[in-house]
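Spelled out from the first residue to the last, the chains are:
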Amino acid sequence: MPLTQTQWILTIFGMAAAVLILIVACFAIRRMYLMKKGRYVRKRAYRILRRYAGVRNFKVLRDVTVSIQGRTAHTDLMLIGFFGIIFFETEDYAGEYYGNPKDETWAYVSPNQRKTRIPNGLTKLEKDIDVYRSIFASNNVYKIQMEPMIIFSPFKKKTEIYVHETVPFLRVNELRGHLDKVKYDKDNDVDVPLLVSLIQKYQKN
């Protein structure tokens, strides 16, 4: 017996709903996989930065290791623009984070209540920035505005942050709004291609 028009419409809506549920499920599974592997925050931050940089002729670099005069720096993500550079350290794992700006290490408590010490993300970034400053100075490039930023998970119930208020940090879902600040629209006469080429010159494979 042929389907009526109403039955056809219901069938199409049912199929569309099933496809939508499948798509949502795939995204959820992928998110869980990235979170388990400790890559969710970095991946999401990278996508946000790429979209932001793409329409401004800025540049985003990720997982960069450079070396100069025996000193090495590894950077999760960096945004290079006419304003200068933001260096990002990503903390991908769920749990509790405790720390102050000058602490040698920070305290981390995992979801199963295991307590460990982890590197202080801020002092790590500050040391990395000194390495990049040396690279630029060795090539007669000075007065580049460079700032650190630590990125945490957006899930407040799974990731609790108890670092000092003077520590520059964001949850990854706050990143795009943070980039709307006026200071990132300021043109400090930074030669973006030149900085990228210098970083690549000192980059370790």
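The following paragraphs examine the structure supplied in this document. These figures come from a predicted structure and were not determined experimentally. (Residues numbered from 1 in each chain as written. Predicted model: local features only at pLDDT ≥ 70, side-chain atom pairs only at ≥ 80, totals over all residues. Heavy atoms only, no water.)

**Structural notes on the pattern of salt bridges**
Defined as follows: Salt bridges are counted wherever a side-chain nitrogen of Lys or Arg sits within 4 Å of a carboxyl oxygen of Asp or Glu. Secondary structure counts use DSSP, requiring at least four H or I residues in a row for a helix and at least two E residues in a row for a strand, with both numbered from the N terminus. When accessible area is computed with a 1.4 Å probe and restricted to protein chains, residues below 20% of their type maximum are described as buried, those above 50% as exposed, and intermediate ones as partly exposed.
Considering all chains together, one arrives at six salt bridges under this definition. Between Lys 124 and Glu 89 there is a salt bridge, with the nearest N and O atoms lying 3.1 Å from each other. Of this pair, Lys 124 sits in helix α3 (residues 121–138) while Glu 89 is found in strand β3 (residues 84–90), placing the two residues 35 residues apart along the sequence. When its relative accessible area of 22% is taken as the criterion, Lys 124 is described as partly exposed. Residue classification places Glu 89 among the buried residues on the basis of a relative accessible area of 14%. What you see here is one network of salt bridges that share partners, running through Arg 42, Asp 63 and Asp 76.

**Section: the packing of aromatic side chains**
The following threshold applies: Centres within 6.5 Å are what make two rings of Phe, Tyr or Trp a pair, Trp counting through its six-membered ring; a difference in plane orientation under 30 degrees is then read as stacked, over 60 as edge-to-face, and the rest as tilted. Charge-over-ring placement is defined geometrically: NZ (Lys) or CZ (Arg) within 6 Å of the ring centre, and within 35 degrees of the ring normal.
Here the structure, examined in full by the defined rule, presents ten aromatic pairs. Judged by centre distance (4.9 Å) and plane angle (50°), the ring pair of Phe 87 and Tyr 132 falls under tilted. Remark: Tyr 132 occurs in helix α3 and Phe 87 occurs in strand β3; sequence separation between them is 45 residues. Taking the relative accessible area as the measure of exposure, Phe 87 reaches 0% and is therefore buried. The exposure class of Tyr 132 is buried, given its relative accessible area of 0%. Here Phe 152 and Phe 169 contribute two aromatic rings whose centre-to-centre distance is 5.7 Å and whose plane-to-plane angle is 90°, an arrangement assigned as edge-to-face. You can see Phe 152 sitting in strand β7 (residues 146–152) and its partner Phe 169 sitting in strand β9 (residues 169–171), a full 17 residues away along the chain. By relative accessible area, Phe 152 is classed as buried at 0%. Of the aromatic side chains, those joined through ring pairs into one cluster are Tyr 52, Phe 58, Phe 82, Phe 83 and Tyr 184. Just above the ring of Tyr 52 sits the side chain of Arg 56; from NZ or CZ to the centre is 3.8 Å. Seen from the ring of Tyr 46, Arg 62 lies directly overhead, with NZ or CZ sitting 3.8 Å from the centre.

**A look at the sheet that holds strand β2 (residues 71–81)**
This is how it is decided: Any two strands with at least two DSSP bridges between them are considered paired. Helix axes use the C-alpha atoms of the stretch in contact, all axes being lines fitted to C-alpha atoms, and the angles between their N-to-C directions lie in the range 0 to 180 degrees. Here, residues are in contact when the closest pair of their heavy atoms is within 4.5 Å.
Read across the sheet, five strands follow the order β1-β2-β3-β7-β9 without closing on themselves; strand pairing throughout is mixed. Unpaired on one side and paired on the other, β1 (59–68) and β9 mark the two borders of the sheet. The average angle at which neighbouring strand axes cross in this sheet is 40°, direction not considered. Bridging between β3 and β7 involves six bridges; their strand directions are parallel. Within β7, the position partnered with Thr 90 by the bridge is Ile 151. On the sheet, helix α2 (residues 40–54) packs against β1, β2, β3 and β7 and is oriented at approximately 45° with respect to β2. Sheet strands touched by helix α5 (residues 192–201): β1, β2 and β3. Its angle to β2, the strand with the most contacts, is close to 160°.

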